[in-house]
Every structure is written in structure tokens, then in C-alpha cells.
Amino acid sequence: DQLIEGYRGWLRLHGGPSPRELSLNPILFAPDVLRTAVQTLNGLEETTCVIQKLHVLWECMRCINRDICQHVSKTYGEAGSPRLRVGKEMDLAADDLVPLIALVVLESHVTQLCFTIEFVNEFDFSKLQERELGSALEGCVTDRFCFASFRVAVTFIEKKADEWRNSKSQPDFAGPSTSPTT
């Protein structure tokens, strides 16, 4: 968790992560649009049980999907991009959702990411009642997908943080340089 915090701090000092750093389609890169998701995820450390943590993760991903789909639809219209189908039924694929979760995690103030993953990993998902997190869920598969996506996003951040730590020159992992050009 300390390594991730150091990396997160370094990114903030250098303008935040770029779409390239996150392996994210630039059309979906809209940190300002994800404020609700960030606020939702910030509530993760206030939770005390696995069901509550899963609920926060589910709500966070719902916000990401809703807000990014609205952003793409509003910004690019019904045509969207060749890779994205935009419209009333647009849903993000896991390939798009995981980098967006990573962006939300990096923008959040959640500090106990590894502890949270270990805590939820100990949970026996087979004991979870269908629709236990709310009527919007499709049962246990959604709960597991939600947590697995979060775990993959945090693992991705851990690897990026490790690359950052091991890089002597600390290459430009962030967006455009904030230094004046000559």
C-alpha cells in the first residue's frame, strides 16, 4: 500500500495518469466525469464487512459505466467511435472498465487497497444470497466480476508503481508535461 501511495503522489505531482499509462482508450479518458465514482469509492474504508465493500465497488462501477457512457454519447454522438457502440444500451467491456477503475482508484483517497483485497478474498462467495447487494444485481456472478475487476485494476496499479520505483529516470508516466516549453 505504501508503494501505491508513493506512485499515486508522484502521479498527482506530475498531472495525473495519462490514457497511455492506463492502457485506456483516449475517448474514455475523462477524469472529471468520474467524480461520483471517486466519491463512491472513497466510502470503501468506512465499510466494515465484505457485503458493504462489495456494495461500494458495485456502486462505483455502476457510476463509471453510467457516467462514461453518457460522456461518450454527449461528446461523440450516436456514432461514438469504431470500437464503442454508443446509445441507450452502451455498456463498457471489461477491457475498458478495468483501466477506468484504475483511474478512479488513483484519483481516490482509498489507502488500504491491498488489505481490502485480502479481506474480501477470504469471503466465501458461495454463501452470498442471490441479489444480496440489491435488486440491480444479477446474482453472485456479478458480485465476483465486480470484485475481480477491482482486484485486476489494483494489481495493474501495483505493477505500474513497481515499474515507477525501479525506474532510475522515472519516465513520463503522467500526461503532458507541466513545464514551460521553449
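For the structure, check the block above.
Residues numbered from 1 in each chain as written. Predicted model: local features only at pLDDT ≥ 70, side-chain atom pairs only at ≥ 80, totals over all residues. Heavy atoms only, no water.

### Some points on the overall build of the protein
Stage number 1. Along its length, the protein carries seven helices and zero strands.
Stage number 2. Here the contacts in the protein between residues at least 6 apart in sequence split such that 78% fall between residues at least 24 apart. (Helix = DSSP H or I, 4+ residues; strand = E, 2+ residues; numbered from the N terminus. Contact = heavy atoms within 4.5 Å.)

### Details of helix 1 (residues 2-13)
Stage number 1. For helix 1, spanning twelve residues, the distance from its first C-alpha to its last is 17 Å, which sits close to the expected 16 Å at 1.5 Å a residue.
Stage number 2. Buried residues of helix 1: I4, Y7, R8, W10 and L11, and no others. The buried residues of helix 1 occupy an angular sector of 165° when the element is viewed end-on, so they sit on one face. Looking at helix 1, the residues exposed on the side facing more than 90 degrees away from the buried face are Q2 and L13.
Stage number 3. Of the residues flanking the end of helix 1, it is G15, one or two places downstream, whose phi is positive at about 90°. (Expected span 1.5 Å × (residues − 1). Buried < 20%, exposed > 50% of the residue type's maximum accessible area, 1.4 Å probe, protein only. Arc of directions from axis to C-beta.)

### As for a negative patch on the surface
Stage number 1. A cluster of acidic residues, D1, E45, E46, E118, E122 and E158, forms a negative patch on the protein surface.
Stage number 2. The residue E45 is located in the loop between helix 3 (35-42) and helix 4 (50-76) in this model.
Stage number 3. When its relative accessible area of 33% is taken as the criterion, E45 is described as partly exposed. (Patch = residues over 30% accessible without salt bridge, like charges linked within 9 Å, V, L, I, M, F, W, Y side chains within 5 Å. Areas by Shrake-Rupley, 256 points an atom, 1.4 Å probe, with all protein chains shown as cover. Salt bridge = Lys/Arg side-chain N within 4 Å of Asp/Glu carboxyl O. Lys, Arg positive; Asp, Glu negative; His and termini not counted. Charge placed at Lys NZ, Arg CZ, Asp CG, Glu CD.)

### Quick notes on the packing of aromatic side chains
Stage number 1. In total, this model carries three aromatic pairs according to the counting rule given.
Stage number 2. Both rings, one in Y7 and one in W164, keep their centres 6.1 Å apart while their planes meet at 55°; by these two values the pair is tilted. Of the two residues, Y7 is situated in helix 1 and W164 in helix 7 (residues 140-166); the sequence distance between them amounts to 157 residues.
Stage number 3. On the basis of an interplanar angle of 20° and a centroid distance of 6.0 Å, the ring pair of F115 and F119 is categorised as stacked. Of the two residues, F115 and F119 are both situated in helix 6 (residues 113-121); the distance of four residues between them amounts to about one turn of the helix. (Phe/Tyr/Trp six-rings, centres within 6.5 Å; stacked < 30°, edge-to-face > 60°.)

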